[in-house]
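Understanding the architecture of this molecule
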Amino acid sequence: MLKHYKPWPEKLKTRYKELGCWEDKTFGQMLSDRASIYGDRTAIVDHQSRVTYKELDKYVNQLASGFQRIGLSREDRVVVQLPNTLDFVVVIFALFRLGAIPVFSLLSHRDSEIRYFCEFSEAKAYIIPGDGYGYDFEQLAKTIQTDVTSVDTIIVADEDGGDFYSLNDLYENETALPDIKADDVAFFQLSGGSTGLPKMIARTHNEYMYSLRMSADVCQLDETSVYLAVLPAAHNYPLSSPGVLGTMYAGGKVVLSSGASPDEAFPLIEQERVTITAIVPPLALIWLEAVPTRHYDLSSLRVLQVGGSKLSAEAAKKVTPVFGCTLQQVYGMAEGLVNYTRLNDSDDVIIQTQGKSMSVYDDIRVVDEEDNEVAQGEIGELLTRGPYTIRGYYKAEEHNEKAFTADGYYRTGDLVRVSEDGYITVIDRVKDQINRAGEKIAAEEVENYLLAHPAVRDVAIVAMPDKWLGEKSCAFVISRDQDLKETDLIAFLRTEGLADYKMPDRIEWMANFPKTAIGKVNKKELRRLIEVKLNEHNMAKK
Ligand code: J2J
């Protein structure tokens, strides 16, 4: 059993198996099954390749054999930082087959994040993209290999690995692979986080497979479905809701796009006859504006999923008239629970709500600040537990005390209202997080970096509204030095190696922070202050 991992309680394992939720299948087995049922159907298409299920199954075995030869084995953690390419899919399935554990990082992560993932998970290997992705990943890998003692293997997804292994050289004759159990941890997802550093989410084959099966079912996927991944496939939403893995579960075709702009996505929808794709609300605004001016045939699209942050009702109303397809709102989280509007729901439900949970075994409560259930239809924090929601973060005992209730509910940090028939509307959040175009920023993480700057006395980061991104981040800073500039702080964060999307969009200088009755920084008041300022600025412009 993986060190530090706290498995599901035996009683729940038995219960979810008896209920038929968990079918004791691993991802490795799922792919072999698909290869035997849908062998000659196309599984994956990327910018340069097209492979069938049978071919994919073979490549995965060959790569798993190569990984095995260079010393990767069961339970080794492997930080995977790859773009939306066939390599990504082959790599993760090869690791699944070996029982090695991918840690899903995003291409936008930099030194600070990668270092932490490697150290915290005690990773053995780190897999990076080759040239052409706007950043010197090889240089980063060199530093990581030097500084993080556990990391002894670097693999580059390129023909030329330079000083490291080239992924292409690791496809070898198939060797015997270990027997993996469906109750084993399959991979680590990363939480959006609200405190300190991002938390790691260990997911087993059993629980995650169930979430794919339910997602594929709710989205009515079958072997004729074509899913386009425009968001980074390593993120929980495009990976599993139903995403890349849910589409493979259904035997459909997955099209991987390296970008999400209309000029990249629309031609792919036309050429590959895409039936379903998933985007975030800011992209929905861009796509909605782009459709009339681009003349692509988007008629194959049956479902446009929008989720990750709140979609406005005004934008929601436009989707069907503009795209001629059904809108599906998706409200999910890497910790588990996923809610969907159903394809045959009324327009009103689809436009106004973020959907209903996908399993009858999702156990949802809406509570006030004292954890008392609120009256039906009232606003409160959403708590959830069920067959595909984690019971605790990996190696975070202290934090888990706060993030989960004693009886195992995950505190989502989202303020919601639930209708009598179970449909959820997301109203606000209590967690200290900024949701910037679907990318989550833990305020405390960035605050800690800024506090390390010698001229910063104190800092508080809050969300501010933005027409396009939904929210942006605003850092209120109390400086010790009158000459300190915004550019100095951003430059400092960059040298610290923080991902771009976490850079504060705006800095406001202050002498003191407003405080709450018990003396904490009043972030609600800071949010109000910046909102007033933005409104005044907008009025002045008019
Ligand atoms: C409002 N807030 C939303 C929505 C997520 C499917 C879809 C999304 C995610 C995801 C995911 C929202 N309206 N429609 O993993 O499988 C906010 C909430 C939530 C947090 C989770 C999936 N959809 N959110 O976004 O782990 O605050 O997962 O708790 O990145 O995003 O973020 P994340």
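Let us look at the structure shown here. Model, not experiment: these values are computed from the prediction. (Residues numbered from 1 in each chain as written. Predicted model: local features only at pLDDT ≥ 70, side-chain atom pairs only at ≥ 80, totals over all residues. Heavy atoms only, no water.)

The subject of this paragraph is the environment of Val366. Following the sequence through the fold, Val366 ends up in strand E17 (residues 363-367). Its relative accessible area of 10% is what places Val366 among the buried residues. Remark: the alpha-carbon pair of Val366 and Ser150, spanning 216 residues in sequence, is separated by 42 Å. Aside from chain neighbours lying at most four places away, what touches Val366 is Asn372, Glu373, Val374, Glu378, Ile379, Gly380, Glu381, Leu382, Val416 and Val418. (Helix = DSSP H or I, 4+ residues; strand = E, 2+ residues; numbered from the N terminus. Buried < 20%, exposed > 50% of the residue type's maximum accessible area, 1.4 Å probe, protein only. Contact = heavy atoms within 4.5 Å.)

What follows concerns the pattern of salt bridges. Taken as a whole, this structure holds 36 salt bridges when the rule is applied. Residue Glu373 pairs with Arg365 through a salt bridge whose shortest N-O separation is 3.0 Å. Residue Glu373 is classed as exposed on the basis of its relative accessible area, which comes to 51%. Residue classification places Arg365 among the buried residues on the basis of a relative accessible area of 18%. A salt bridge links Arg494 to Asp500, with the shortest nitrogen-to-oxygen separation between them at 2.4 Å. Residue Arg494 is classed as partly exposed on the basis of its relative accessible area, which comes to 47%. Taken together, the salt bridges that share partners define one network made up of Lys3, Glu122 and Lys395. (Salt bridge = Lys/Arg side-chain N within 4 Å of Asp/Glu carboxyl O.)

The next point concerns unusual backbone geometry. A cis amide bond links Ser241 with the next residue in sequence, Pro242, at an omega value of -15 degrees. Mapping Pro242 onto the fold places it in the loop between helix H8 (236-240) and helix H9 (243-249). Phi angles above zero are rare outside glycine, and Glu122 is one such case at about 50 degrees. By the element assignment, Glu122 lies in the loop between helix H5 (111-121) and strand E5 (125-129). When its relative accessible area of 31% is taken as the criterion, Glu122 is described as partly exposed. Although it is not a glycine, Gln220 sits at a positive phi angle of roughly 55 degrees. Assignment of secondary structure puts Gln220 in the loop between helix H7 (205-218) and strand E10 (226-229). You can call Gln220 exposed: its relative accessible area is 54%.

Attention shifts here to the site of the ligand. Taken together, 20 residues lie near the ligand, and Ser241, Val330, Asp414, Lys431 and Lys440 sit nearest. Take Gly308: an N or O atom from its main chain is 3.1 Å from a nitrogen atom of the ligand. One nitrogen or oxygen atom from the main chain of Val330 is found 2.8 Å from a nitrogen atom belonging to the ligand. Taking 620 Å² as the accessible area of the ligand by itself, protein coverage stands at 96%. Those elements that provide at least two residues to the shell around the ligand are H8 and strand E14 (326-333). Residues belonging to the shell around the ligand are distributed by class as follows: seven nonpolar, nine polar and four charged. (Near = heavy atom within 4 Å. Polar contact = N/O pair within 3.5 Å; in protein donor to acceptor, adjacent residues only side chain to side chain. Areas by Shrake-Rupley, 256 points an atom, 1.4 Å probe, with all protein chains shown as cover. Nonpolar A, V, L, I, M, F, W, Y, C, P; charged D, E, K, R; others polar.)

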